[in-house]
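Architecture at a glance
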Amino acid sequence: MDNFTKGRMERVSNFRVINGDETEPEFLSWALREVRPYGVAIASGPKQARESLIKASAYWRHHVSILCAVAEAIDPDDTRHVILSSSCAVYGETGNNRTSSSVFEPRSPYGRSKLAAEQILADAIATEGITCTSLRYFNAVGNGDFSHARDEASESLLPRTARRLFAGEAPEVFGERDSESVPIRDYVDVRDIASVYGLIAAGVLNLGYELPNPLAINVSSGKPYPVNEVIVELMKQMNRQAP
């Protein structure tokens, strides 16, 4: 279910698709009655922390509205689990390793609105007896192995750097001022994120273990890298030099 303002219909051509605004309670109620899903995964919405600084209301509107709409529309007799795509942005700076019990210090409207979405999940959905899981992704990178499975976000590091190199421009690192201020990020392959979804679904189907409710899981590699090292490796793989 999506309105495809950002996503591509071609990516889900093998699945049943309901095209509409998932933040509208009436539409969502109709869709959930139509499908009667056992579980709901919420993965839509804008995801750029820098962009959220200038489009704060849009980030708050989407991330809060969709959770409120799900809370109002969901039927506990049909749906027994909700998975929310959250973010490491709820912790603030994430260069150092964080655990799911680390202190929340979101520094952008993106991080703050994601944290609010988690709180709505706990207050308005988990209390209905529906098990809820928040997956706090770190910096997702990589592609899938099917057509159109690529990251097209304007501010994602790898595609942004590749576009600049193809255009003959120097790579850009946001926030870089000197050798001591190069950002450090933990990158996680999108295929690993998909695997985590599968593992959570397996738990929901009661395959031998039970999940706490609500549950928060950090999805990361556990090994952060300086952004400039990632760019150097990308240039090697592309056989390109910075102008």
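**Things to note about the overall build of the protein chain**
On a plain count of helices and strands, the protein chain comes out with seven helices and eight strands. Per-residue burial for the protein chain yields a buried fraction of 40% across its 243 residues. Here the contacts in the protein chain between residues at least 6 apart in sequence split such that 71% fall between residues at least 24 apart. By element, 50% of the accessible surface of the protein chain is carried by carbon and sulfur atoms, the whole surface being about 13,600 Å².

**Quick notes on the packing of aromatic side chains**
Tallied over the full model, the rule gives three aromatic pairs. Relative to tryptophan 30, the ring of phenylalanine 27 lies with its centre 6.1 Å away and its plane at 35°, an arrangement referred to as tilted. With phenylalanine 27 and tryptophan 30 both in helix H1 (residues 25-35), this residue pair falls three residues apart, about one helical turn. Judged by its relative accessible area of 40%, tryptophan 30 falls in the partly exposed class.

**Regarding the packing of helix H3 (residues 56-73) against helix H4 (residues 109-125)**
Helix packing geometry: the angle between the two helix axes and the distance between the axes. Two elements in contact, H3 and H4, have axes separated by 9 Å at closest approach and are oriented at 15°. The angle between H3 and H4 places the two elements in the roughly parallel class. Read as a crossing pair, H3 and H4 show a hand that is right-handed. Each of Ala56, Tyr59, Trp60, His63, Val64, Leu67, Cys68, Val70 and Ala71 in H3 lies in contact with H4, whose residues at this interface are Pro109, Tyr110, Arg112, Ser113, Lys114, Ala116, Ala117, Ile120, Leu121, Ala124 and Ile125. Broken down by class, the residue content of the contact of H3 with H4 amounts to 16 nonpolar, two polar and two charged.

Rules of the game
- Residues numbered from 1 in each chain as written.
- Predicted model: local features only at pLDDT ≥ 70, side-chain atom pairs only at ≥ 80, totals over all residues.
- Heavy atoms only, no water.
- Helix = DSSP H or I, 4+ residues; strand = E, 2+ residues; numbered from the N terminus.
- Buried < 20%, exposed > 50% of the residue type's maximum accessible area, 1.4 Å probe, protein only.
- Contact = heavy atoms within 4.5 Å.
- Areas by Shrake-Rupley, 256 points an atom, 1.4 Å probe, with all protein chains shown as cover.
- Phe/Tyr/Trp six-rings, centres within 6.5 Å; stacked < 30°, edge-to-face > 60°.
- Axes fitted to C-alpha atoms, helices over the stretch in contact; angles between N-to-C directions.
- Parallel < 35°, antiparallel > 145°, perpendicular 65-115°, else oblique.
- Left-handed = near helix turned anticlockwise from the far one by under 90°.
- Nonpolar A, V, L, I, M, F, W, Y, C, P; charged D, E, K, R; others polar.

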